[in-house]
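Observations on the model geometry
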Amino acid sequence: MRNFDPLLKTRCKMNDFQKAILTGIPDELPVLKPYDTSVSHAPKRKEILSVEEKRLALKNALRYFPAKHHEVLAAEFAEELEKFGRIYMYRFRPDYKMYARPISEYPAKTKQAAAIMLMIQNNLNPAVAQHPHELITYGGNGAVFQNWAQYLLTMQYLATMTEEQTLAMYSGHPMGLFPSHKDAPRVVVTNGMVIPNYSSQDDWEKFNALGVSQYGQMTAGSYMYIGPQGIVHGTTITVMNAARKVAKPDEDPFKGKLFVTSGLGGMSGAQPKAGNISGVISVVAEVNPAAAQKRHQQGWVDELIDDMDELIERVKKAQADKEVVSIAYQGNIVDVWEKFEEAGVYIDLGSDQTSLHNPWAGGYYPVSLTFDEANEMMANNPEQFKKEVQDSLRRQAAAINKHTARGTYFFDYGNAFLLEASRAGADVMAENGIDFKYKSYVQDIMGPMFFDYGFGPFRWVCTSGDPKDLEITDKIATDILEELMNESPAPIQSQMADNIQWIKGAQENKLVVGSQARILYADAKGRIRIAAAFNKAIEDGTISAPVVLGRDHHDVSGTDSPYRETSNIYDGSSFTADMAIQNVIGDSFRGATWVSIHNGGGVGWGEVINGGFGMVLDGSADTDRRLRSMLFWDVNNGISRRSWARNEGSVFAIERAMEEMPELKVTVPTLADDELVRKFFK
Ligand SMILES: NC(=O)c1ccc[n+]([C@@H]2O[C@H](COP(=O)([O-])OP(=O)(O)OC[C@H]3O[C@@H](n4cnc5c(N)ncnc54)[C@H](O)[C@@H]3O)[C@@H](O)[C@H]2O)c1
């Protein structure tokens with residue numbers, strides 16, 4: 001790839017950005033850049049490699065470069081490995097600005113590849129990404145690539161590929177272009193796939209430090225992140241339905257209700273905005289002053305308080321006046337749970353969104369240490385740090401238990417809080433010793449109300465980068481949802497209504513950060529109708545450029561995750577991952593433009609297999625055919641599995657789908673009589 005320059009002739013007409021993309025890894029070493037302290041950086045990773053393994057990591061990194069540079073780069077990369085625990089190859093970070101440009105600005109032979117380049121750049125945009133220079137989009141470790149050489153090479157491959165080729169991505173490493181055909185995905189992404197027995201947290205640390213694997217989270221390594229909007233939407237519908245669930249029949253479910261949680265990071269920063277949209281009072285604790293201040297300055301949270309007494313007074317006033325307000329507490333969440341209990345502050349709804357999928361490397365800060373002390377200890381005394389985290393989790397759970405005894409509704413919000421608290425020996429287990437005391441948001445809300453009916457985080461990106469296109473797509477989607485609402489059966493009416501309200505308020509709520517993107521929850525019918533209408537509008541010029549369709553992996557079919565997406569599967573199959581694998585294979589031959597399958601994401605390495613897709617709508621008849629086939633499978637695969645697990649909503653939904661699509665024939669379960677079963681195995 002290095003010496004191959006197929007577009008040489010047209011190069012002279014290109015701008016610097018386009019030339020840089022086509023150059024890939026430059027033959028001459030770029031100037032070494034100073035470490036930029038103006039952006040957030042990933043914490044130093046734990047010391048995990050032996051001396052022999054460090055040499056192996058160095059050899060692995062050097063294989064991207066010609067031998068003439070090895071002497072300089074070996075010294076530099078060795079220093080990075082010692083200093084940061086990883087080799088990021090900072091020198092090769094491009095000089096051009098990193099953001100999603102309009103699709104027409106990418107040098108490419110196919111719009112499909114150009115759209116993928118746009119999505120990659122969005123995931124690395126410093127306004128969007130958590131640690132942009134370490135190529136981390138969110139969640140502390142959600143990587144797009146492991147190092148800058150992989151980025152440069154991937155962009156070069158994308159710029160030169162045709163629709164008769166497919167790019168194979170191995171955990172950020174572009175293995176290369178392989179001949180395929182126009183209906184095949186342009187890119188197939190695998191992230192963090194390992195032999196199952198080698199999936200402990202330390203295995204990830206080691207493979208990642210060696211440069212052979214990465215944690216793709218969900219939408220980071222699959223190029224489908226759309227800034228905090230996705231999680232604002234998910235959190236809004238979760239908070240709204242949690243509030244409705246615990247409200248007494250004659251009271252307003254939202255007014256004056258207090259929601260307490262933690263985290264103002266990549267995803268968790270969406271919580272106060274969702275609290276405001278839902279109409280509650282929210283208090284979000286954030287231990288990192290930079291993160292708390294950033295969210296406050298960006299307008300994601302209304303007020304910032306760092307004094308506990310002041311916080312308690314402020315919250316009592318907001319409760320008395322039934323205000324809609326979001327408050328960031330700059331401090332540790334454990335203190336909030338404990339002090340609110342002492343001060344008699346009643347909490348209606350409680351959750352947690354610290355990064356407990358990554359408990360030992362900066363995801364969770366123990367209450368016993370200051371922020372700086374914690375950062376120092378996790379790198380230099382990891383064993384002691386682990387003890388402090390576990391002690392803090394036990395304290396947090398004990399305080400939460402006191403609140404729930406008084407009536408607080410606590411739910412696990414998919415960050416592995418209950419899992420890690422239980423591993424720390426906290427009092428979070430139910431009497432049967434198998435289940436947790438508290439339900440996850442999927443068990444109580446998202447699963448039975450949304451996933452089981454096929455509702456999931458459908459999203460799109462207007463590749464023109466023009467807000468007008470986004471406005472047009474919003475209008476098309478609203479009209480279709482309203483049309484569908486009239487034909488919807490009773491069990492899905494409220495889901496439709498909440499999403500219509502969401503999309504109508506989306507422009508006003510100014511949710512776009514980075515690319516011109518939108519999210520809403522729709523079922524298979526809704527997704528197909530909206531996608532087909534977009535494709536038609538591109539064909540007739542109403543929308544000015546292609547639209548990328550995708551979804552979060554946090555969905556009906558794409559993810560097998562026993563502590564989150566599939567936590568409401570009760571037939572014993574929640575620890576299997578057939579659904580996610582079936583899904584990605586099925587999407588890939590039904591017309592997805594790119595597909596991805598990941599180990600880790602959300603709840604942690606080894607705890608989940610999740611997959612997703614991207615599809616470029618270009619207004620063509622081929623696209624119309626592909627979207628109908630792929631979206632139908634992408635949703636109904638999961639509904640059929642959930643129905644087989646005897647989930648009531650899914651049995652209803654799959655029977656409805658079979659009535660409408662005669663070619664669909666799904667095995668449905670026969671329910672056994674519990675009385676009969678109980679007679680056996682006494
Ligand atoms: N439910 C969902 O739909 C969903 C979606 C995305 C992510 N998640 C999960 O939520 C978690 C958070 O994701 P993120 O992307 O925001 O991660 P993040 O690492 O960007 O943010 C977490 C924040 O929590 C703060 N924090 C850690 N310990 C704290 C403590 N004891 N007190 C106060 N603040 C503390 C950190 O400083 C950090 O800013 C992850 O585990 C992620 O996997 C859930």
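These notes cover the structure that comes with them. (Residues numbered from 1 in each chain as written. Predicted model: local features only at pLDDT ≥ 70, side-chain atom pairs only at ≥ 80, totals over all residues. Heavy atoms only, no water.)

Let us now look at the pattern of salt bridges. Opposite charge on two side chains allows them to pair when their charged atoms are near. Under the criterion given, the structure shown has 42 salt bridges. Close ionic contact of Asp-498 with Arg-244 constitutes a salt bridge, the shortest N to O distance being 3.0 Å. Of this pair, Asp-498 sits in helix α19 (residues 493-506) while Arg-244 sits in helix α8 (residues 229-246), and the two are 254 residues apart along the sequence. Each of Glu-483, Glu-487, Lys-525, Arg-529, Arg-656 and Glu-660 takes part in a single network of salt bridges with overlapping partners. (Salt bridge = Lys/Arg side-chain N within 4 Å of Asp/Glu carboxyl O. Helix = DSSP H or I, 4+ residues; strand = E, 2+ residues; numbered from the N terminus.)

In the vicinity of the ligand there are 31 residues, among which Ser-268, Glu-286, His-357, Tyr-413 and Gly-602 approach most closely. Gly-139 has a polar backbone atom sitting 3.3 Å from an oxygen atom of the ligand. Here Tyr-413 contributes a backbone N or O atom positioned 2.7 Å from a nitrogen atom of the ligand. Calculation on the ligand without its partners gives an accessible area of 850 Å², and the protein chains cover 96% of this total. (Near = heavy atom within 4 Å. Polar contact = N/O pair within 3.5 Å; in protein donor to acceptor, adjacent residues only side chain to side chain. Areas by Shrake-Rupley, 256 points an atom, 1.4 Å probe, with all protein chains shown as cover.)

On the surface, Asp-306, Asp-307, Asp-309, Glu-310 and Glu-313 cluster together into a patch of negative charge. Take Glu-313: it is sitting in helix α11 (residues 308-320). (Patch = residues over 30% accessible without salt bridge, like charges linked within 9 Å, V, L, I, M, F, W, Y side chains within 5 Å. Lys, Arg positive; Asp, Glu negative; His and termini not counted. Charge placed at Lys NZ, Arg CZ, Asp CG, Glu CD.)

Within the structure shown, the criterion is met by 31 aromatic pairs. When the centroid spacing of 6.3 Å and the interplanar angle of 5° are considered together, the rings of Phe-259 and Phe-411 count as stacked. One end of the pair, Phe-259, is in strand β6 (residues 258-262); the other, Phe-411, is in the loop between β11 (409-410) and α16 (417-423), and 152 residues separate them in sequence. Arranged with centres 5.4 Å apart and planes meeting at 65°, the rings of Phe-410 and Tyr-438 form a pair that is edge-to-face. Taken as a pair, Phe-410 in strand β11 and Tyr-438 in the loop between α16 and α17 (441-450) lie far apart in primary sequence, 28 residues in all. By relative accessible area, which is 3% here, Phe-410 ends up buried. Residue Tyr-438 is classed as buried on the basis of its relative accessible area, which comes to 12%. Positioned above the aromatic ring of Tyr-99, the side-chain terminus of Lys-97 is 5.8 Å from the ring centre. Lying over the aromatic face of Trp-300, Lys-273 brings its terminal NZ or CZ to 4.9 Å of the ring centre. (Phe/Tyr/Trp six-rings, centres within 6.5 Å; stacked < 30°, edge-to-face > 60°. Buried < 20%, exposed > 50% of the residue type's maximum accessible area, 1.4 Å probe, protein only. Lys NZ or Arg CZ within 6 Å of the ring centre and 35° of its normal.)

So, on to the nonpolar core. By size, the foremost hydrophobic cluster in this structure holds 143 residues, and its most contacted members are Phe-77, Ile-120, Tyr-151, Trp-460 and Leu-520. Excluding its chain neighbours within four sequence positions, the residues that come into contact with Tyr-151 are Ile-21, Pro-94, Tyr-96, Met-98, Ile-120, Gln-121, Leu-124, Leu-135 and Phe-145. Counting residues in each nonpolar core, the second largest holds 44 residues, with Leu-258, Ile-327, Val-345 and Ala-374 among its members. (Core = buried A, V, L, I, M, F, W, Y, C linked by side-chain atoms within 4.5 Å. Contact = heavy atoms within 4.5 Å.)

A separate point is the side chain of Glu-420. Within the element layout of this structure, Glu-420 appears in helix α16. On the basis of relative accessibility, which here comes to 8%, the residue Glu-420 falls in the buried class. Residues within four places of Glu-420 in sequence aside, it is in contact with Leu-356, Pro-359, Trp-360 and Leu-393.

Before going further, it helps to spend a moment on the environment of Ala-657. Among the structural elements, Ala-657 can be located in helix α23 (residues 648-660). Ala-657 sits 402 residues away from Lys-255 along the chain, and the two C-alpha atoms are 38 Å apart. With near-sequence residues (within four places) excluded, Ala-657 lies in contact with Asn-636 and Leu-664.

On to a nonpolar patch on the surface. On the surface, a nonpolar cluster with roughly 380 Å² of combined accessible area is contributed by Met-193, Ile-581, Ile-585 and Phe-589. Relative to the helices and strands, Phe-589 is located in helix α21 (residues 578-590).

A few words now on helix α18 (residues 467-487). With 21 residues, α18 extends 31 Å from end C-alpha to end C-alpha; this agrees with the ideal 30 Å at 1.5 Å per step. Those residues of α18 not exposed but buried are Asp-469, Leu-470, Thr-473, Asp-474, Ile-476, Ala-477, Thr-478, Ile-480, Leu-481, Leu-484 and Met-485. Contacts made by the buried residues of α18 are with β12 (456-462), α19, β13 (517-522) and α20 (524-539). Capping of α18 at its N-terminal end is provided by Asp-466; its side-chain oxygen lies 2.9 Å from the backbone amide nitrogen of Lys-468. (Expected span 1.5 Å × (residues − 1).)

Reading across from one edge, β8-β9-β7-β6-β10-β11 is the order of the 6 strands in this open sheet, with parallel pairing throughout. Unpaired on one side and paired on the other, β8 (303-305) and β11 mark the two borders of the sheet. Summarising the sheet, strand β10 (residues 349-350) and β11 pair through 2 bridges and their orientation is parallel. Bridge pairing in β11 places Gly-350 opposite Phe-410. Contacts between α11 and the sheet are confined to β6, β7 (281-286), β8 and β9 (325-330), with β9 contributing the most and set at about 170° to the helix. (Pairing = 2+ DSSP bridges. Axes fitted to C-alpha atoms, helices over the stretch in contact; angles between N-to-C directions.)

This paragraph deals with the packing of helix α22 (residues 621-644) against α23. Packing of α22 against α23 brings their axes to within 8 Å, and their N-to-C directions diverge by 130°. Considered as vectors, α22 and α23 are oriented oblique to each other. As for the relative orientation of α22 and α23, their crossing is left-handed in sense. Packed against α22, whose contacting residues are Asn-636, Ile-639, Ser-640, Arg-642 and Ser-643, the element α23 presents Ser-650, Val-651, Ala-653, Ile-654 and Ala-657 at the interface. Residue composition of the contact of α22 with α23, grouped by class: 5 nonpolar, 4 polar and 1 charged. (Parallel < 35°, antiparallel > 145°, perpendicular 65-115°, else oblique. Left-handed = near helix turned anticlockwise from the far one by under 90°. Nonpolar A, V, L, I, M, F, W, Y, C, P; charged D, E, K, R; others polar.)

Turning our attention to the side chain of Glu-607. Along the chain, Glu-607 falls in the loop between β16 (594-599) and β17 (609-617). Its relative accessible area of 18% is what places Glu-607 among the buried residues. Within the local environment of Glu-607, its side chain forms a polar contact with the side chain of Arg-423, the two groups lying 2.9 Å apart. In this structure, Glu-607 is in contact with Leu-419, Arg-423, Ser-561, Pro-562 and Tyr-563, ignoring residues within four places of it in sequence.

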